[in-house]
Amino acid sequence: MPEPGWIDEIFDGVRYGLEGHVISEQQSSFQRVSIIESKRYGKGLLLDGCWMTAEHQERHYHESLVHPALCGAEAIERVLVIGGGDGGTARECLRHSGVKELHMVEIDGLVVELSQQHLPSLGGGCWTDPRFQLTVGDGIAFAANAADASYNVVIVDGSDPAGPAEGLFNRAFFENCRRILKPGGVFATQSESPEAFRKVHIDTVKLLREVFGYADPMYGWVPMYPSGWWSWTFAAVDGPRYRQAKPERVASIAAGCEIWSARWQRGAFDAIPANIERALNS
């Protein structure tokens, strides 16, 4: 076994590191995909040197992204996940028995392959679930070509707005996501750290409000990410339905959650710092 060292993401003058060693590192057509074994958080995934997920951190992120959307949408029969090649978002979606079809579109097949090989707990049984359909391809083009009102929930589980994920943070893409939502649907996306990516965060929430009419950020923590402080933003056309979790859906999944609960969700939406709230309302 290699001698443990430090694996760091360096962002804006700050290092975010884990002690461990690299298991696999390969270059795909899109990015450098690294799998590491850490002492604290287990095996983890980096893309182009940026932390994506780890075995003992992933629930902070995946539960927060998925459950406000799936507990708030009017119906959840058809779900689209754009990105999410590690499988964690699909796994959490498929815990809802009301989901009948889940389409996941991941641009980089190597991410899926290495996640299945080295991080099987993230996807769990999603890869063999009969409701699950994987497309290795461009999620932006997929959304542009999808039929109007074809999904109850659209979830964007992308990396930072650079490289292959850059197009996931613009008006044309968000407008297509609105177009393909069924009435009563909910859109969800990770929306970066309000500290490390302040401008991107504010611009994303404002743009989603312009496109959908209703959008609100929810705040939590993913300690391995830049600043550790993270956000997810939810949007809808017919009101902020993502704020009100349907009790029957809560009851069906709450016992299996480590982070998310209806009570936690209420607090996370309310935990907006004063300066961010002022910026969003300006």
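The paragraphs below set out a description of the structure included in this document.

Quick look at unusual backbone geometry
Then step 1. In this structure, D12 is a non-glycine residue whose phi angle is positive, near 55°.
Then step 2. Among the structural elements, D12 can be located in the loop between β1 (5-11) and β2 (14-27).
Then step 3. A relative accessible area of 66% means that D12 is categorised as exposed.
Then step 4. Phi angles above zero are rare outside glycine, and D48 is one such case at about 50°.
Then step 5. Examined against the element boundaries, D48 turns out to sit in the loop between β4 (42-47) and β5 (50-54).

Some words on the sheet that holds strand β10 (residues 181-190)
Then step 1. Read from one edge to the other, the open sheet built from seven strands follows the order β8-β7-β6-β9-β10-β12-β11, with strand pairing classed as mixed. Pairing within the sheet leaves two strands with one partner each, and these edge strands are β8 (132-136) and β11 (214-221). Going across the sheet, the axis of each strand differs from the next one's by a mean of 15°, ignoring polarity.
Then step 2. Against the sheet, helix α7 (residues 198-212) engages β10, β11 and β12 (229-236), with an angle of about 150° to β11.

Digging into the packing of aromatic side chains
Then step 1. Taken as a whole, this structure holds 14 aromatic pairs when the rule is applied.
Then step 2. Look at W127 and F132: their rings are 5.7 Å apart centre to centre, the planes differ by 90°, and that puts the pair in the edge-to-face class. With respect to burial, W127 and F132 carry one shared label: buried.
Then step 3. Chaining the aromatic ring pairs together yields one cluster made of F11, Y61, F197, Y225, W230 and W232.
Then step 4. Over the ring of Y151 we find R78; its NZ or CZ atom is 4.7 Å from the centre of that ring.

Remarks on the pairing of β4
Then step 1. With respect to burial, β4 is a largely interior element, five of its six residues being buried.
Then step 2. Judged from the six bridges that link them, strand β3 (residues 32-38) and β4 form a sheet pairing that is antiparallel. In the strand pairing of β4, V33 is matched with L47.
Then step 3. Between the end of β3 and the start of β4, which pair antiparallel, lie three residues.
Then step 4. As consecutive antiparallel partners, β4 and β5 are separated by two residues, and within that stretch D48 has a phi angle of approximately 50°, a positive value.

Some thoughts on the pairing of β2
Then step 1. By the bridge criterion, seven bridges tie β1 to β2 in an arrangement that is antiparallel. Within β2, the position partnered with I7 by the bridge is L18.
Then step 2. Note that β2 and β3 share seven bridges and pair antiparallel. Looking across to β3, one finds that E25 is bridged to S34.
Then step 3. Taken together, β2 and the strand that follows it, β3, pair antiparallel across an intervening segment of four residues.

Scoring rules and cut-offs
- Residues numbered from 1 in each chain as written.
- Predicted model: local features only at pLDDT ≥ 70, side-chain atom pairs only at ≥ 80, totals over all residues.
- Heavy atoms only, no water.
- Helix = DSSP H or I, 4+ residues; strand = E, 2+ residues; numbered from the N terminus.
- Buried < 20%, exposed > 50% of the residue type's maximum accessible area, 1.4 Å probe, protein only.
- Pairing = 2+ DSSP bridges.
- Axes fitted to C-alpha atoms, helices over the stretch in contact; angles between N-to-C directions.
- Contact = heavy atoms within 4.5 Å.
- Phe/Tyr/Trp six-rings, centres within 6.5 Å; stacked < 30°, edge-to-face > 60°.
- Lys NZ or Arg CZ within 6 Å of the ring centre and 35° of its normal.

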